[in-house]
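# Descriptive structure summary
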Amino acid sequence: MQIYRLPALSDNYIFLLHDPKRQVAAVVDPAEAEPVLIMLQNLGATLTAIFNTHHHGDHVGGNRTLLQHFPQTVVYGGAVDQGRIPGQQVFLQGGDRLSFADRHATVLFVPGHTRAHIAYYFESSASDEPGELFCGDTLFAGGCGRLFEGTPGQMVQSLSQVRSLPDNTRIWCAHEYTLNNLRFAHSIEPDNEALTQRLATVQQQRQQQEPTVPSWLGIEKRTNPFLRWDISSIQTAMQTADPVQSFTRLRGKKDQW
Ligand code: ZN
Ligand code: FE
């Protein structure tokens, strides 16, 4: 399975999964159709699946047009999103299994950003191969999604699920927010050496207009404050030992930032 990252709108990424053996492709969260259609043409591949993480327009905006071009495409989304995702045919719950291009995936139910948000985790199928997590607006490189429909408690639960995946999981998040996220993170944890280094690296990458996605879960665990609500440096900065309270204050600070 070959993964292509397609920039879309102002700061979105669409991910195209290509199965070269069968010349079919799937897309994760097509914000718009155009970049997907161009890539499919370049590859000479047919679209067979759309994997949506949640109903927001910058994630499902291309569904209708893609379905017009490839009417056989199956649209996947969360069961709780019923009625909110254009063309949705498959209604997924946490723990559901699916496969694409010889890879197997598990659906994670990760409410918080929205009440229906799901993520797609493709397990590694060989020891030297990373896992692939398509997490929409739940976890970002250096940050996490805003809580539009869910509670901090739900988001902590959701991010706990993500955090329990193997370190060598690539994080395919839907926005290029990394630099701003890491600047905020550094204001919270100025003594985190791994974070200081990462901020410098990402500053350089963005100066060259290089993408910072995908990230790795192992790096996120060491540098992303939104996976560190129960680490003492964060709890000290948030002045609470209660994990959910710590996360709540951290998210609140980021919203104000
Ligand atoms: Zn969203
Ligand atoms: Fe988004």
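The preceding data block contains the structure.
Our subject in this report is the structure included herewith. (Residues numbered from 1 in each chain as written. Chains lettered and ligands numbered in written order. Predicted model: local features only at pLDDT ≥ 70, side-chain atom pairs only at ≥ 80, totals over all residues. Heavy atoms only, no water.)

### What about the overall build of the protein chain?
A count of helical and extended segments in the protein chain gives 9 helices and 14 strands. A compact globule built from 257 residues would reach a C-alpha radius of gyration of about 18 Å, and the protein chain, at 18 Å, matches this within 12%. Once the C-alpha set of the protein chain is aligned to its principal axes, its extents read approximately 55 × 40 × 35 Å. Residue burial in the protein chain is summarised as follows: out of 257 residues, 53% are buried. The contacts in the protein chain between residues at least 6 apart in sequence include a share of 59% that link residues at least 24 apart. Total accessible area on the protein chain stands at roughly 10900 Å², and carbon and sulfur atoms take up 47% of it. (Helix = DSSP H or I, 4+ residues; strand = E, 2+ residues; numbered from the N terminus. Rg over C-alpha atoms; globule rule 2.2 N^0.38 Å. Buried < 20%, exposed > 50% of the residue type's maximum accessible area, 1.4 Å probe, protein only. Contact = heavy atoms within 4.5 Å. Areas by Shrake-Rupley, 256 points an atom, 1.4 Å probe, with all protein chains shown as cover.)

### Concerning the coordination of the iron ion (ligand 2)
Six octahedrally arranged donors around a metal ideally form angles of 90 or 180 degrees; four tetrahedrally arranged donors ideally form angles of 109.5 degrees. Summarising the metal site, the iron ion (ligand 2) is bound by the protein donors Asp58 (OD), His59 (NE2), Asp137 (OD) and His175 (NE2), whose distances to it range over 2.1 to 2.3 Å. Viewed at the metal, the 4 donor atoms of the iron ion (ligand 2) are separated by angles of 83 to 164 degrees, and the geometry they form is irregular. The sequence pattern formed by the donor residues of the iron ion (ligand 2) is D-H-x77-D-x37-H. Here the zinc ion (ligand 1) and the iron ion (ligand 2) are spaced 3.3 Å from one another, each receiving a donor from aspartate 137. Of this pair, histidine 59 sits in helix H2 (residues 57–60) while aspartate 137 sits in the loop between strand E10 (131–136) and strand E11 (139–140), and the two are 78 residues apart along the sequence. Judged by relative accessible area, histidine 59 falls into the buried class, the value being 0%. (Donors = N, O, S within 2.8 Å, 3.2 Å for Na, K, Ca; no water. Tetrahedral: all angles 85-135°; square planar, octahedral: opposite > 155°, others 65-115°.)

### As for the layout of surface pockets
For the largest pocket, the calculated volume is near 290 Å³. Taken together, 17 residues form the lining of the largest pocket, with Phe140, Arg146, Tyr177, Arg251 and Lys254 sitting closest to its centre. For the lining of the largest pocket, the secondary structure elements donating two or more residues are helix H5 (178–188) and helix H9 (243–256). Residue contributions to the lining of the largest pocket peak at 3 residues, all from H9. Partitioning the lining of the largest pocket into residue classes produces 5 nonpolar, 6 polar and 6 charged. (1 Å grid on protein atoms, 1.4 Å probe; cavity = no way out; pocket = protein on both sides within 12 Å on 5 of 7 lines; lining within 4 Å. Points joined across faces, edges and corners; volume = space filled by probe spheres on them. Nonpolar A, V, L, I, M, F, W, Y, C, P; charged D, E, K, R; others polar.)

### With respect to helix H4 (residues 152–163)
Helix length check: H4, at 12 residues, gives a terminal C-alpha distance of 16 Å against a target of 16 Å (1.5 Å per residue), a fit within 8%. Where the residues of H4 are buried, they touch strand E8 (103–109), E10, E11, strand E12 (143–144), helix H7 (217–223) and H9. (Expected span 1.5 Å × (residues − 1).)

### Remarks on the coordination of the zinc ion (ligand 1)
Protein-derived coordination of the zinc ion (ligand 1) comes from His54 (NE2), His56 (ND1), His113 (NE2) and Asp137 (OD), at a distance range of 2.2 to 2.3 Å. Within one chain, the residues donating to the zinc ion (ligand 1) are spaced in sequence as H-x1-H-x56-H-x23-D. What makes histidine 54 buried here is its relative accessible area of 0%. Classification of histidine 113 by relative accessible area gives buried; the value is 4%.

### Details of the packing of H5 against H9
Packing of H5 against H9 leaves a shortest axis separation of 11 Å and a crossing angle of 125 degrees. By the angle between their axes, H5 is oblique relative to H9. For H5 against H9, the interelement crossing comes out right-handed. Facing H5, whose interface residues are Asn180, Asn181, Phe184 and Ile188, H9 presents Leu250, Lys253 and Lys254. A class-by-class count of the residues in the contact of H5 with H9 yields 3 nonpolar, 2 polar and 2 charged. (Axes fitted to C-alpha atoms, helices over the stretch in contact; angles between N-to-C directions. Parallel < 35°, antiparallel > 145°, perpendicular 65-115°, else oblique. Left-handed = near helix turned anticlockwise from the far one by under 90°.)

### With respect to the packing of H5 against helix H6 (residues 193–207)
At their nearest, the axes of H5 and H6 sit 10 Å apart, and the two run at 155 degrees to each other. In terms of axis orientation, H5 runs roughly antiparallel to H6. Pair H5 / H6 crosses with left-handed handedness. Touching Thr178, Leu179, Leu182, Arg183, Ala185 and His186 of H5 are Leu195, Thr196, Arg198, Leu199, Val202, Gln203 and Arg206, all from H6. Taken together, the residues of the contact of H5 with H6 break down into 6 nonpolar, 4 polar and 3 charged.

### Examining the environment of alanine 126
Looking at the secondary structure, you find alanine 126 in the loop between strand E9 (118–122) and E10. The class of alanine 126 is partly exposed, set by a relative accessible area of 33%. Counting along the chain gives 68 residues from alanine 126 to aspartate 58, while the straight-line C-alpha distance between them is 33 Å.

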